[in-house]
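Below, each chain spelled out in residue letters.
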Amino acid sequence: MNFLEERIQKDGIVKEGNVLKVDSFLNHQMDVALLEQMGEEFKRRFEGVKVDKILTIEASGIAIACMAARYFQVPVVFAKKAKSINIDGEVYVAEVESFTHKCKNQVIVSKKFLQPGEHILIIDDFLANGCALQGLISIVAQAEAVVEGIGIAIEKGFQNGGRTVRNLGYRLESLAIVEDMDASTGKIVFRQQ
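Residues numbered from 1 in each chain as written. Predicted model: local features only at pLDDT ≥ 70, side-chain atom pairs only at ≥ 80, totals over all residues. Heavy atoms only, no water.

(A) Fine view of the overall build of the protein. Per the secondary structure count, the protein includes five helices and ten strands. Taken against the 2.2 N^0.38 rule, which gives 16 Å for 193 residues, the C-alpha radius of gyration of the protein at 16 Å falls within 12% of a compact globule. Principal-axis analysis of the C-alpha atoms places the extent of the protein at approximately 50 × 35 × 35 Å. Within the protein, counting contacts between residues at least 6 apart in sequence, those at least 24 apart form 61% of the total. (Helix = DSSP H or I, 4+ residues; strand = E, 2+ residues; numbered from the N terminus. Rg over C-alpha atoms; globule rule 2.2 N^0.38 Å. Contact = heavy atoms within 4.5 Å.)

In structure tokens:
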């Protein structure tokens, strides 16, 4: 069992509806030392891959992406879920459906931050049905950039997102893949990697 799986076993809470709460250490209160370890692990897993920028989506992916960016020594660009007056000029837009929030959002990236031919590593906290990830892939394609890989903190292996993304030919590295979880017992089973 790796460091993230151990932490999920220790502090993760399984809720009804296939919800895994990791808000005490990952996506509400953040354990910076754990995030640092995750960034280092993504660098190890994608060693030798050309990366010009890391792309994520607000809000929970930002901290993980920033820690990874320290090791790759590249900037982080994050897709915003709402257009604000701070975004000027032309934008790339994709529609994504949130598993957690049960709603559709348009995500937006300013065209000045993703350029044709750039090598992009996508990083996010969760992968369930893959909608957010497919939105980010769409934005990279709109920019005529290249997805060099995808790093996910926690993949719900019992949902179809990971399989779909892998079947599209993308290199997907998940630090922890939850194979099964039971809200009545709190039991979490991880896929052997």
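(B) Looking closely at helix α3 (residues 60-72). Taken residue by residue, α3 has Gly61, Ile64, Ala65, Met67, Ala68, Ala69 and Phe72 as its buried positions. Residues of α3 that are buried in the fold lie against α2 (32-45), β3 (53-57), β4 (76-79), β7 (119-127) and β8 (146-156). Just downstream of α3, Gln73 is the residue with a positive phi angle, here 55°. (Buried < 20%, exposed > 50% of the residue type's maximum accessible area, 1.4 Å probe, protein only.)

(C) Spotlight on the environment of Asp125. With respect to the secondary-structure elements, Asp125 resides in strand β7. In this structure the C-alpha to C-alpha distance between Asp125 and Ala65, which are 60 residues apart in sequence, comes to 8.9 Å. Among residues more than four places away in sequence, those in contact with Asp125 are Asn27, Ser60, Gly61, Ile64, Ile152, Ala153 and Ile154.

(D) Just the nonpolar core, in detail. By size, the foremost hydrophobic cluster in this structure holds 34 residues, and its most contacted members are Leu4, Ile8, Leu20, Leu26, Met38, Ile54 and Ile154. It is α3 that provides the largest number of residues to this core, a total of six residues. Setting aside its immediate chain neighbours within four residues, Leu20 contacts Ile8, Gly12, Ile13, Val14, Phe126, Ile154, Lys156, Val178, Met181 and Ile188. If you look at the next biggest cluster of nonpolar residues, it comprises 25 residues, including Val77, Ala79, Val96 and Ala145. (Core = buried A, V, L, I, M, F, W, Y, C linked by side-chain atoms within 4.5 Å.)

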